Each structure stands twice: as C-alpha cells, then as structure tokens.
Amino acid sequence: MQLNLEHPDQAFYLRAADGTSALVNDRRLHTSFVLSPDQLIEDWQVREVKAITPQDLEPVLALDPEVILLGSGATQVFPTAAVMAACLGRGVGLETMTNAAAARTFNVLAGEGRRVVAAFVFTA
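Just so it is clear, the structure is predicted and the values come from calculations on it, not from any experiment.

Asks: In this structure, what is going on with the pattern of salt bridges? I would like to understand it.
Replies: Opposite charge on two side chains permits them to pair, given that their charged atoms come into close proximity. One pass over the full model with this rule turns up 5 salt bridges. The shortest N-O distance in the salt bridge between Asp-26 and Arg-15 comes to 2.8 Å. You can see Asp-26 sitting in the loop between strand E2 (22–24) and strand E3 (27–29) and its partner Arg-15 sitting in strand E1 (residues 14–17), a full 11 residues away along the chain.

Next comes the structure, spelled out in structure tokens:
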C-alpha cells in the first residue's frame with residue numbers, strides 16, 4: 001500500500017496538544033495562544049478559563065471567526081456566561097473542549113476551509 005504525506009493548505013496546523021503544551025507546525029508552545037489557519041498569536045494573556053473576560057476575546061474575535069474552539073487544558077472547563085454572550089452577540093459560535101480535542105477539531109475544520117480560530121489556555 002502506498003502512503004502519501006498530506007500537507008495542509010493552511011500556514012499553521014496543530015500536530016499535537018495536551019494540558020501542558022501544543023505542537024504548532026514544528027514549534028512546541030507552552031503558554032496560551034490563539035491560532036487561525038493563517039495566523040498565530042503567541043503569549044495570549046489568559047491563564048485560566050474561568051477568568052476569561054469578553055475583553056480577553058478581542059484578539060480572537062479580530063480574526064473574524066465563524067466558530068471559536070476554546071481549548072481549556074487537560075480537562076474541560078467552561079467560561080463565564082458573559083464570555084459566551086459576547087460571542088453569541090456577534091454571531092460567533094464558541095465550543096469549549098480539552099486542548100487535545102480542540103486540536104483535532106481545529107485541523108478538521110481548517111481542512112474544510114472553515115473560518116475557525118482556536119484559543120488554547122495553559123496555566124504555566
């Protein structure tokens with residue numbers, strides 16, 4: 001059986017993520033970051049999902065997503081109702097999941113050409 005290496009069309013893709021780090025392309029990241037298929041924003045200042053404010057979402061929303069994937073670390077933690085309302089008020093979906101699940105979902109949606117942005121939270 002012949003196997004072919006598939007190269008994503010987007011500039012950035014997630015190779016792995018867990019509760020302590022993520023591998024974006026060939027770079028290992030240990031601090032919170034925001035990722036779209038064509039942009040990486042490192043050192044996102046959020047360190048705890050429950051502490052996210054609507055203002056913290058501004059760099060995420062500035063990327064004009066149709067859906068935001070919020071990677072909450074090793075376990076699923078939901079943001080406040082104010083954060084959810086800030087997204088819904090703009091017509092943007094917000095899905096919260098573990099970092100590993102957010103990485104898998106990001107790659108699928110980005111591969112489909114969707115306007116997806118993933119925001120990953122790391123406590124360290």
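Further notes follow.
Asks: So what exactly am I meant to see when it comes to the sheet that holds strand E4 (residues 33–36) here?
Replies: Sheet strands associate in pairs through backbone hydrogen bonding, adopting either a parallel or an antiparallel arrangement. Taken together, the 5 strands give an open sheet; going across it, the order is E5-E4-E8-E6-E7, and neighbouring strands pair in mixed fashion. At either margin of the open sheet sits one strand with a lone partner, and together these are strand E5 (39–41) and strand E7 (93–97). The sheet shows a mean angle of 15° between the axes of neighbouring strands, direction not considered. Direction of pairing for strand E6 (residues 67–71) relative to E7: parallel, over a ladder of 5 bridges. Across the sheet, the residue bridging to Leu-70 is Thr-96, located in E7.

Asks: Just to check I follow, could you spell out the packing of aromatic side chains for this structure?
Replies: The way to describe two aromatic rings as a pair is by their centre distance and the angle between their planes. Tallied over the entire structure, the rule returns 2 aromatic pairs. A ring pair is formed by Phe-33 and Phe-120, whose centres lie 5.0 Å apart and whose planes are at 15°; its orientation type is stacked. Of this pair, Phe-33 sits in strand E4 while Phe-120 is found in strand E8 (residues 116–120), placing the two residues 87 residues apart along the sequence. The burial state of Phe-33 is the same as that of Phe-120; both residues are buried. With a centroid separation of 6.2 Å and 20° between ring planes, the pair formed by Phe-33 and Phe-122 is classed as stacked. With Phe-33 in strand E4 and Phe-122 in the segment after E8, this pair connects stretches of sequence that are 89 residues apart. Here the aromatic residues Phe-33, Phe-120 and Phe-122 are joined through ring pairs into a cluster of three or more.

Asks: It is not clear to me how the sheet that holds E3 should be interpreted in this structure. Could you clarify?
Replies: Pairing in this open sheet of 3 strands is antiparallel, and the strands run E1-E2-E3 from one edge to the other. The sheet is open, and its two edges are formed by E1 and E3, each paired on a single side. With strand direction ignored, the average angle separating the axes of adjacent strands in the sheet is 20°. Two strands pair when backbone bridges link them, and E1 and E2 are joined in this way by 3 bridges, in the antiparallel orientation. Of the residues in E2, the one forming a bridge with Ala-17 is Ala-22.

Asks: How do you make sense of the nonpolar core when you look at a structure like this?
Replies: Most often, soluble globular proteins have nonpolar side chains that are buried together. Within the largest apolar cluster, 21 residues are counted, with the highest numbers of intra-cluster contacts made by Leu-14, Phe-33, Leu-35, Leu-69, Phe-106, Val-116 and Phe-120. When residues of this core are traced back to their parent elements, those giving at least two are E1, E2, E4, E6, helix H3 (99–111) and E8. Contacts of Phe-33, omitting those with residues within four sequence positions, involve Leu-14, Ala-22, Val-24, Leu-40, Ile-41, Glu-42, Trp-44, Ala-118, Ala-119, Phe-120 and Phe-122.

Asks: I tried to follow the pairing of E6 on my own but got confused; where do I start?
Replies: For a regular strand, side-chain orientation follows a simple rule: the groups alternate between the two sheet faces. Most of E6 sits inside the fold, with 5 of its 5 residues counted as buried. Side chains Val-67, Leu-69 and Gly-71 project from E6 onto one buried face, and the interleaved Ile-68 and Leu-70 project onto a second face that is buried too. Relative to E8, E6 runs parallel, the two being bridged by 5 bridges. Bridging across to E8, Leu-70 finds its partner in Ala-119.

Reading guide: rules and limits
Residues numbered from 1 in each chain as written. Predicted model: local features only at pLDDT ≥ 70, side-chain atom pairs only at ≥ 80, totals over all residues. Heavy atoms only, no water. Salt bridge = Lys/Arg side-chain N within 4 Å of Asp/Glu carboxyl O. Helix = DSSP H or I, 4+ residues; strand = E, 2+ residues; numbered from the N terminus. Pairing = 2+ DSSP bridges. Axes fitted to C-alpha atoms, helices over the stretch in contact; angles between N-to-C directions. Phe/Tyr/Trp six-rings, centres within 6.5 Å; stacked < 30°, edge-to-face > 60°. Buried < 20%, exposed > 50% of the residue type's maximum accessible area, 1.4 Å probe, protein only. Core = buried A, V, L, I, M, F, W, Y, C linked by side-chain atoms within 4.5 Å. Contact = heavy atoms within 4.5 Å.

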